[in-house]
Amino acid sequence: MSDSNGSNAPPQPIECRAWVAYEPKKPLKLETVIVNPPQKGEVRVKICYMALCHTDAYTLGGLDPEGLFPSILGHEASGIVESVGEGVTSVKPGDHVIPCYQAFCDACKFCLSRKTNLCGSVRQWTGNGVMKNDSQSRFTVKETGKKIYHFMGTSTFAEYTVVHEVSCAKIREDADLESVCLLGCGVSTGLGAVWNTAKVESGATAAVFGLGTVGLACIEGLVHAGAKRIIGVDIDAKKFEAGMKWGCTECVNPMDHEGRPIQEVIVEMTDGGVDYSFECIGNVEVMRSALECCHKGWGESIIIGVAASGQMIQTRPFQLVTGRVWKGTAFGGFKSRVDVPKLVDRYMNKEIKLRDYITHQMQFEDLNKAFDLLHEGKCLRAVLKAMPEK
Ligand SMILES: NC(=O)C1=CN([C@@H]2O[C@H](COP(=O)(O)OP(=O)(O)OC[C@H]3O[C@@H](n4cnc5c(N)ncnc54)[C@H](OP(=O)(O)O)[C@@H]3O)[C@@H](O)[C@H]2O)C=CC1
Ligand SMILES: N[C@@H](CCC(=O)N[C@@H](CSC=O)C(=O)NCC(=O)O)C(=O)O
Ligand SMILES: [Zn+2]
Ligand SMILES: [Zn+2]
């Protein structure tokens, strides 16, 4: 065990600020919390930058069947290791890291399979808002002594957090932490949905539903893959400018077609449908449209958006019988601790963009304002500065 001062004394509890979600649909409350030291297999991270993903808003909105309260939300961030617990070997104090809600242990049957990135090593505990070693939280509110649940194994809306070692991707130190925090979720997910889940080939046609960060990252991935036609779909025409800038060949608004289902419009536009479609909203009606705008015989639709508790998808089974394929993706199929450092390399080589997704740079205190911007559809990613790097 050691900390970022190089001391071998056991790490002590840290007092810092964190945003606590006490109940669904209520603004977060800024609290002073005690962050307990990392235990066996755990890492305590100083959060330098944190971004807001639509999934944080979804859970705060009470739509997540796994949502626990009170909790510290947040899962898209970057930071520096402050201290490590017993047995941790892959990171050390001072290392730059990206917390990853999708773990990678390199040992479970999921990690050993080439078919999935869903690690099973800590998922049961992260879903219950606790750490695996003792099934407890590391967060307590100083004033009340109340225990606070973790969220997605990351809880990055805090100046310090504790994550499992398997959820902590070490990255190169010359990458700017403000930009690469986006690789913790939205941008990686969109790119990976195209490259890993759909495996889009050069010359393919595609439709992307929802032109937020995830949708735009799909478009970026499609451009890289050499897609020849990319149709952006959004109900807010103001999003089309970004869609075209990222590489759409055209954009359509489902509201502009006199009640005709958008899938019919796209099938007509594309001589039978697109090769691939991506749902980046979390709306089950749109998921149906995304499947049904795919070409008979081979079209594949990838569900990325997270739908509210109790929602179900439906289509005529005939859609699948006649060769359309429905798939889903979590974190774009990337095996987090292996692939996130490679994505950082690609960013540093200027192969992928990150800064263009940052529409708002804010301070730690501004988190509730950032949630308002997200709900008003006024931002791609708001990135908030948490702790100084030095
Ligand atoms: N599977 C995974 O691993 C991941 C899933 N997600 C999920 O992906 C989804 C997208 O996330 P993110 O990009 O951050 O979200 P955003 O809210 O930034 O983007 C969604 C976009 O879809 C638009 N939209 C809403 N309703 C419709 C509709 N009926 N038809 C067309 N467009 C519509 C929104 O417009 P407006 O703003 O006007 O509402 C917005 O532009 C979310 O559900 C999120 O939870 C995110 C990351 C990882
Ligand atoms: N907890 C929810 C579903 C939430 C969900 O689907 N999360 C995505 C990531 S969304 C990121 O912004 C995911 O990867 N899920 C896989 C996982 O293992 O959590 C529910 O219970 O429905
Ligand atoms: Zn996310
Ligand atoms: Zn695993």
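All values reported here derive from a predicted model rather than from experimental measurement.

**Observations concerning the overall build of the protein**
Within the protein, the regular secondary structure consists of 12 helices and 18 strands. Relative to a compact globule of 390 residues, whose C-alpha radius of gyration would be 21 Å, the protein shows 21 Å and is just as compact. Taking the principal axes of its C-alpha atoms as reference, the protein extends roughly 70 × 40 × 35 Å. In the protein, of all internal contacts separated by at least 6 residues, the share reaching a separation of at least 24 is 71%. Accessible surface for the protein amounts to roughly 16400 Å². Of this, 51% is attributable to carbon and sulfur atoms. Averaging the coordinates of the 43 positive side-chain charges in the protein and doing the same for the 46 negative ones gives two points 4 Å apart.

**Describing the site of ligand 1**
Within the structure, ligand 1 sits among 29 residues, and His54, Thr55, Lys239, Thr329 and Phe331 are positioned closest to it. Contact distances for ligand 1 include 2.9 Å between an oxygen atom and a backbone N or O atom of Ile281. When isolated, ligand 1 has an accessible area of 930 Å², and the protein chains bury 86% of it. Looking at the shell around ligand 1 residue by residue, the class counts come to 14 nonpolar, 11 polar and 4 charged. Mapping the shell around ligand 1 onto the domain boundaries places at least three of its residues in each of domain 1 (2–184 + 354–385) and domain 2 (190–329).

**A few points about the coordination of the zinc ion (ligand 4)**
Octahedral metal centres with six donors ideally show angles of 90 or 180 degrees, and tetrahedral centres with four donors ideally show 109.5 degrees. Protein ligation of the zinc ion (ligand 4) involves Cys105 (SG), Cys108 (SG), Cys111 (SG) and Cys119 (SG), the donor distances falling in the range 2.3 to 2.4 Å. Motif for the zinc ion (ligand 4), donor spacing along one chain: C-x2-C-x2-C-x7-C. Under the relative-accessibility criterion, Cys105 is labelled buried at 19%. We classify Cys108 as buried; its relative accessible area is 15%.

**Let's talk about the state of the cysteines**
Applying the stated criterion across every chain yields a total of 0 disulfides. The closest cysteine sulfur to the non-disulfide-bonded Cys248 is located on Cys251, 4.1 Å from its own sulfur.

**Observations concerning the coordination of the zinc ion (ligand 3)**
At the metal site, the zinc ion (ligand 3) is ligated by Cys53 (SG), His75 (NE2) and Cys185 (SG), and these contacts range over 2.0 to 2.3 Å. Its 4 donor atoms give the zinc ion (ligand 3) angles of 96 to 128° at the centre, a pattern that matches the tetrahedral case. One chain supplies every donor to the zinc ion (ligand 3), and in sequence these donors are spaced C-x21-H-x109-C. Pair noted here: Cys53 is in the loop between β4 (42–51) and α1 (54–60) and His75 is in the loop between α1 and β5 (76–84), with a separation of 22 residues, a long-range link. Owing to a relative accessible area of 0%, His75 belongs among the buried residues under this scheme.

**So, the sheet that holds strand β8 (residues 147–148)**
Think of a sheet as strands paired side by side through backbone hydrogen bonds, with each pair either parallel or antiparallel. Spatially, β2-β3-β7-β8 is the arrangement adopted by the 4 strands of the open sheet, whose pairing is antiparallel. Because the sheet does not close on itself, it has two edges, and the strands there are β2 (14–20) and β8. Summarising the sheet, β2 and strand β3 (residues 29–35) pair through 7 bridges and their orientation is antiparallel. The partner of Arg17 across the bridge, within β3, is Thr32.

**A short note on the domain arrangement of the protein**
Split by domain assignment, the protein resolves into domain 1 (2–184 + 354–385) and domain 2 (190–329). Measuring from the centre of the C-alpha atoms in domain 1 to the corresponding centre in domain 2 gives 30 Å. Of the roughly 950 Å² buried at the junction of domain 1 and domain 2 (both faces included), carbon and sulfur atoms supply 63%. Summed over the three residues of domain 1 that lose the most area to domain 2, namely Tyr58, Tyr357 and Leu380, the buried surface amounts to 51% of that side. The tally of links from domain 1 across to domain 2 stands at 1 salt bridge. Among the ionic pairs, Lys245 bridges to Asp356, the shortest N-O distance being 3.9 Å. Its residues assigned to classes, the side of domain 1 that touches domain 2 shows 5 nonpolar, 2 polar and 2 charged.

Rules behind the numbers
Note that residues are indexed from 1 along each chain, following the sequence as it is written. By the order in which they are written, chains take letters starting at A while ligands take numbers starting at 1. Local features in this predicted model are restricted to residues of pLDDT 70 or higher, and side-chain atom pairs are both shown and tallied only at a pLDDT of 80 or more, whereas totals for entire chains, interfaces and linings draw on every residue. Note that the side-chain values use all heavy atoms of the structure and ignore hydrogens as well as water. Think of it this way: any DSSP run of H or I at least four residues long counts as a helix, any run of E at least two long counts as a strand, and we number them from the N terminus. Restricting the calculation to C-alpha atoms gives the radius of gyration, and the globule rule supplies 2.2 Å times the number of residues raised to the power 0.38. We call two residues in contact whenever any of their non-hydrogen atoms come within 4.5 Å of each other. Residue burial considers only the protein chains on display, and all accessible areas are found by Shrake-Rupley using a 1.4 Å probe. When charges are counted, Lys and Arg contribute as positive and Asp and Glu as negative, whereas His and the chain ends are disregarded. Each charge is placed at NZ for Lys, CZ for Arg, CG for Asp and CD for Glu. A molecule or strand has a residue near it when one of that residue's heavy atoms lies within 4 Å. Contacts described as polar in this section are N or O atom pairs within 3.5 Å, which, within protein, must combine one atom able to donate a hydrogen with one able to accept it, while residues neighboring in sequence count only if both atoms come from side chains. Charged residues are taken to be Asp, Glu, Lys and Arg, nonpolar residues to be Ala, Val, Leu, Ile, Met, Phe, Trp, Tyr, Cys and Pro, and polar residues to be all remaining types, Gly included. Segmentation of the chain into domains, including their bounds, is taken from an automatic or database domain assignment. Metal donors were taken as nitrogen, oxygen and sulfur atoms no farther than 2.8 Å from the ion, or 3.2 Å where the ion is Na, K or Ca. Water is excluded, so coordination may look unfinished. We call a residue buried when its accessible area falls under 20% of the maximum for its residue type, exposed when it is over 50%, and partly exposed in between, using a 1.4 Å probe and counting protein chains only. Counting rule for disulfides: a pair of cysteine sulfur atoms within 2.5 Å. Any site counts as irregular unless it has four donors with all angles between 85 and 135 degrees, making it tetrahedral, or four or six donors with opposite ones more than 155 degrees apart and the rest between 65 and 115, making it square planar or octahedral. Paired strands, as defined in this entry, are two strands with at least two bridges between them according to DSSP. Once two parts are joined, some of their accessible surface, as seen by a 1.4 Å probe, is lost; buried area is that loss totalled over both. What makes a salt bridge here is a side-chain nitrogen of Lys or Arg within 4 Å of a carboxyl oxygen of Asp or Glu, nothing more.

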